[in-house]
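Summary of the model geometry
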Amino acid sequence: MEVPRRPQPSSFSLALPKPALSSRGAAEKVTKKDLMTDKVQDKMDQTPKTDQLGEETLSLEEESNVSVVVEAPAESSELDDTDTLTTGTKLSSQDSFSEESSISEERLAEEAKRKSEEDEKAAKERAAQRQLLAIEELVMSERNYLRLLQVSTVTIRSNLQKLQPPLANLDSMFLYIEDVINVSSRLLSLLDQKKVQPGDPHYLETLCDSFLSLSSDIEAAYKEYLANYNHVTVVENSYKQKEALWNEIVRVIKTSAPEVNATSLSFFLVMPVQRIARYPLLLQTIQKHTEKSHPAYALLEQTANTSIALNCRINEYKRFREVADKYKKTETLTIKDKINRLNTHSIAKKTARISQHFKHEAGIAPKLVDEEFDALEGFFYVLEHGILELLENVEMYLHHLQGFLACKTEEFDFDLDGEKAPICYKEITTALRQWILPTFEKRLRTLIHKPLCALRDLLVGPRNLIRKRLDKLLDYEVICEKSNLSYEEQAVVNTYRTMNTLLLNELPQFNGLALQMIWSMLGTFSCLHKDLASDMEQLFQSFAQQLPHSSLNPKAFWEWAESAVLEGARRLETLCQSVQETLNAPVDQPLSPSSQRRLKQLMDKHGSGKIYQVVGAVVGSRDLDLNLNKGELVAIISECDTRGDKRRWLVDAGGRRGYAPSSKLIRYHQPTDDPPPSPHLVLPVNMTGIRRHSYTPEARPLTVMSQPCFQVFAAYDFNARGNHEVSVRAGEPVRVLEPHDKRGNPEWSLVEVRGGQRGYVPSNYLTFMAVGPGPPGAPGAFSAFS
């Protein structure tokens, strides 16, 4: 700062002589000035923060001193001495003022330093307080969150299950929430086990360690719950469609949790969705108020980053599941629905896929090959085939078991009550049929059949995803050939990549779990049979002493049992064959006009001896096989095929020629309305009215008192064509046992000839005549009505 000088008068133009300063005085002034400057500089160097006001004052004093020295007039030596003294006095006072200023500057600096330290300490205390509040908020909110989840899962759910009629899909709304409750309770238990309070410096480290140790479990629990949350909203909306039902649900919720004042289930079930997104915010808040010098700062930073990454992975998994849920559904569309879905976009897309597929097959365009996915896909189809085959075998096993249980042989009376063996057999079979086998069947359905059906239903989703992935792959190959992609094309690319990643990640898990379930069910199947054998052995041991052959040694007993079983099987087979032949007895039914025309055509072409009738439906399974209906007429051309196999006959079906199994063909017998007169029997004139008689179920029995005795004769020769028929000669007497066959058809009669043989003959081949008067039932007379 420069002091302005007084202006000189214009008339005064003489130059003043320079003051005659002694060398000593000048040296003193310069020296004192230098010393003062050095002191000020030293103070400035020592004190980082100086008083600005002091510096300005000092500068003003120096400038005024310098000005005084320059402007003072030197008139005499006395003045010089006086000026020197005055100057020295001023310099001395200036030095003392500088020292006082230095002391005040030091005091101010110390106060500023102390104040800054106090501010820093207060800031640290505030940060520590905010950190403690954030930690307490995390812990207390976790406790309150867990309490509300338990209220919704235990109290509200149990009360809703008591409603009548029961709520549909109620359990599906609480799916995976038990896993969320479990992982939350484990987190709180880890914090409580350390016995460290939130105010302890080591509590932050405990919190971070607990969260990091459960991060994988937290991700596994929350990702499944969040992926299923869309289903929760769908079910709740279905409840809201029924006003009375929804009002009852709201009443139950308010009664079960009055302190919460909730009006819907989603109030509780949305909490896990909000909680998993709140973890990063709380941890970042704690990190914000934690000093970097804190021992647990690095661990806290890792925990916050882990929570953020955990949320990202859960969101990605939820996106994958949404894509899977969209494409794994199986839609049952009618032809009309499919036609309505056709538009320009869908036709162009399907055309591009077919074109790309043809290019692959023709070798024009290369096909993207993913060996890892191809291996997973092949193993999946092998598992699918095995599961379906096993399920079919188990269902057939249960069907045969039900058929065995339906045949209650112990209820039949064989007039063997006096023997011990039948009584033991009856008790054993009763126990097997009423207790042991029904229990075995129930366990088999519960432990084997029901899980197999569930596993078969689970195959639908992966199968549809694999098929959709192939379609999206064709679209992806077409789009990848372009340089610039539109928004829709980029969405198609993202969809393919998402589906491919999803299948690569989850298909191995599905294959592994499915294979594990198959092995487990096979082991269970074996254990069930072991238990069945043990129960049966225990049952038979109680009757062992009462059964025959119980005294035999094991080897002899098993030889006897084997021979008895084989003999029983042979007898059973013979009986079944006899019953089958009886059931396959020819049944004459009136032919339709078309069948009559075919019969006439075949007989004119091949003769009556070649006509056969189909006894069961024939479905061709090989080349040149015919499909024939039951009762259809054919003509035999050859009784073997080109390879000499006599089980396949070459037949003519009225224009169609092919092979049919010989077991399904039987010779056709055409009944004659008026057979030719027998050359071996001449009837009296008065008996012409009763020359022939066809026996019907409605035929009334003839009461013979003192009338002539009648006897039945064969009017014509008949050759038996099977075990169910009997051969007779014209004029041979027979005894009619039944005037119809097993099916009640009166065209055939069951007769007995003199040799004791029994069988069927055509009813119109029989006739009866009077052999003379006599009492009813006279010996030697074969009455038609005896």
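The shown structure was predicted, so the numbers you read here are calculated from the model rather than taken from an experiment.

**Digging into the pattern of salt bridges**
According to the stated counting rule, one finds 27 salt bridges in the structure shown. Among the salt bridges present, the one from Asp531 reaches Arg443, with a minimum N-O distance of 3.2 Å. Placement of Asp531 in helix α17 (residues 487-542) and of Arg443 in helix α15 (residues 420-458) is noted, with a sequence separation of 88 residues between them. The exposure class assigned to Asp531 is partly exposed, which follows from its relative accessible area of 32%. Across the pair Glu632 and Arg598 runs a salt bridge, and its minimum N-O distance is 2.6 Å. In this pair, Glu632 is assigned in the loop between β1 (611-614) and β2 (633-638) and Arg598 in helix α19 (residues 593-606), connecting sequence segments 34 residues apart. Take Glu632: its relative accessible area is 13%, and that puts it in the buried class. Taken together, the shared-partner salt bridges connect Arg157, Asp171 and Glu178 into one network.

**What about a negative patch on the surface?**
Where like charges cluster on the molecular surface, the negative patch consists of Glu117, Glu118, Asp119 and Glu120. Looking at the element boundaries, Glu117 is found in helix α3 (residues 77-160). Among the residues examined, Glu117 registers a relative accessible area of 44% and is labelled partly exposed.

**Some points on the side chain of Gln287**
Within the secondary structure, Gln287 is located in helix α10 (residues 271-288). Not counting the four nearest positions on each side in its chain, Gln287 is found in contact with Tyr297, Leu300, Glu301 and Ala304.

**Points about the packing of aromatic side chains**
Under the counting rule described, the total for this entry stands at 13 aromatic pairs. Considering the side-chain rings of Phe211 and Tyr279, the 5.4 Å spacing of their centres and the 65 degrees angle between planes classify their relative orientation as edge-to-face. Taken together, the residues span a long stretch of sequence, with Phe211 in helix α6 (residues 203-213) and Tyr279 in helix α10 at a distance of 68 residues. Three or more aromatic residues link up through ring pairs in this structure, and these residues are Tyr716, Phe718, Trp748 and Tyr765. Directly above the ring of Phe404 sits Arg433, whose terminal nitrogen or CZ lies 5.0 Å from the centroid.

Conventions adopted
- Residues numbered from 1 in each chain as written.
- Predicted model: local features only at pLDDT ≥ 70, side-chain atom pairs only at ≥ 80, totals over all residues.
- Heavy atoms only, no water.
- Salt bridge = Lys/Arg side-chain N within 4 Å of Asp/Glu carboxyl O.
- Helix = DSSP H or I, 4+ residues; strand = E, 2+ residues; numbered from the N terminus.
- Buried < 20%, exposed > 50% of the residue type's maximum accessible area, 1.4 Å probe, protein only.
- Patch = residues over 30% accessible without salt bridge, like charges linked within 9 Å, V, L, I, M, F, W, Y side chains within 5 Å.
- Areas by Shrake-Rupley, 256 points an atom, 1.4 Å probe, with all protein chains shown as cover.
- Lys, Arg positive; Asp, Glu negative; His and termini not counted.
- Charge placed at Lys NZ, Arg CZ, Asp CG, Glu CD.
- Contact = heavy atoms within 4.5 Å.
- Phe/Tyr/Trp six-rings, centres within 6.5 Å; stacked < 30°, edge-to-face > 60°.
- Lys NZ or Arg CZ within 6 Å of the ring centre and 35° of its normal.

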